[in-house]
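Survey of secondary and tertiary structure
Listed here are the chains, written in short residue letters.
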Amino acid sequence: VLIFKMGKDVLQFALIWAVLLFGFSCLLRGTVVSELRNNCLADGPSEEIPVAACWTSWWVVRTFVQAFGGDLFLTDMRTDASVYALLVLWVVMNVLLLNLLIAIMSNTYALIQEESERRYLVDLHGIVLEFSRRSVVFPPPLNVVLIILDVISFINRKED
């Protein structure tokens, strides 16, 4: 139960993370690449412009690497807006989303702890009911007599 619910939380977190990653990649593509895009369209990849920079999907991969603090591609950050966007990206993707993941997991853990206490009490009740009969408490040679006494007491209750 615990692993399934935590896995569900991780999937929800991954969805939020993917949406933010895609949004930031679009933001960075818009702030960074005006001259890079023009060069890719006009000349194609060159020694200054890597082949991957001309791919549209490269911006998602690049933002993924930047979000984890890998290569920040600071040479491409030529405008103030792109540098500010990178700072916001790093803070949001590392600090805020990590805190969100911790909050989601701790809430799920608290719910599971509460549910497990209830399950424990139900199981304990079942054990108490099972061993409340005298015939179950004693070992097999002695419980035959007690089973007969339980049957006699049951028959006597029916008649009353």
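Below or above, wherever it landed, is the structure these notes cover.

This part is about the overall build of the protein chain. Secondary structure summary: the protein chain contains six helices and zero strands in total. Taking all 160 residues of the protein chain together, the buried fraction comes to 24%. Taking the intrachain contacts of the protein chain between residues at least 6 apart in sequence as the baseline, contacts between residues at least 24 apart amount to 61%. Accessible surface for the protein chain amounts to roughly 11500 Å². Of this, 69% is attributable to carbon and sulfur atoms.

Right, let's get into a nonpolar patch on the surface. A grouping of Ile127, Phe131, Val137, Phe138 and Leu142 is seen on the molecular surface, where their side chains present a nonpolar patch of about 480 Å² in accessible area. Here Phe131 shows up in the loop between helix 4 (80-130) and helix 5 (134-137). Accessibility expressed as a relative area gives 45% for Phe131, which makes it partly exposed.

Grouped together as the largest cluster of nonpolar side chains are 13 residues, with contacts concentrated most on Trp17, Phe24, Leu28, Leu89, Met93 and Leu97. Secondary-structure elements contributing two or more residues to this core are helix 1 (2-32) and helix 4. Of all the elements, helix 4 adds the most residues to this core, at six residues. With residues near it in sequence (within four places) discarded, Leu97 still touches Phe13, Ile16, Trp17, Leu20 and Val92.

This part is about the pattern of salt bridges. Evaluated as defined, the whole model comprises three salt bridges. Of the charged contacts, one joins Arg119 and Glu115 as a salt bridge, the two residues approaching to 2.8 Å between their closest N and O atoms. With Arg119 and Glu115 both in helix 4 and four residues apart, the pair spans about one turn of that helix. When its relative accessible area of 46% is taken as the criterion, Arg119 is described as partly exposed. Assessed through its relative accessible area of 23%, Glu115 is described here as partly exposed. Through salt bridges with shared partners, one network takes in Lys5, Glu115 and Arg119.

The terminal C-alpha atoms of helix 4, which comprises 51 residues, lie 73 Å apart, in line with the 75 Å expected from a rise of 1.5 Å per residue. Val92 marks where helix 4 bends most, by close to 30°. Considered for burial, the residues of helix 4 that qualify are Ser82, Ala85, Leu86, Leu89, Val92, Met93, Asn94, Leu97, Ile104, Thr108 and Ile112.

What follows deals with the side chain of Asp9. Position of Asp9 relative to the elements: it lies in helix 1. The buried charged residue Asp9 lacks any salt bridge, with Lys8 as its nearest oppositely charged partner at 6.5 Å. Excluding its chain neighbours within four sequence positions, the residues that come into contact with Asp9 are Ile104, Met105 and Thr108.

What counts, and where the lines are drawn
Residues numbered from 1 in each chain as written. Predicted model: local features only at pLDDT ≥ 70, side-chain atom pairs only at ≥ 80, totals over all residues. Heavy atoms only, no water. Helix = DSSP H or I, 4+ residues; strand = E, 2+ residues; numbered from the N terminus. Buried < 20%, exposed > 50% of the residue type's maximum accessible area, 1.4 Å probe, protein only. Contact = heavy atoms within 4.5 Å. Areas by Shrake-Rupley, 256 points an atom, 1.4 Å probe, with all protein chains shown as cover. Patch = residues over 30% accessible without salt bridge, like charges linked within 9 Å, V, L, I, M, F, W, Y side chains within 5 Å. Salt bridge = Lys/Arg side-chain N within 4 Å of Asp/Glu carboxyl O. Core = buried A, V, L, I, M, F, W, Y, C linked by side-chain atoms within 4.5 Å. Expected span 1.5 Å × (residues − 1). Bend = angle between axes of the 7 residues up to and from the residue. Lys, Arg positive; Asp, Glu negative; His and termini not counted.

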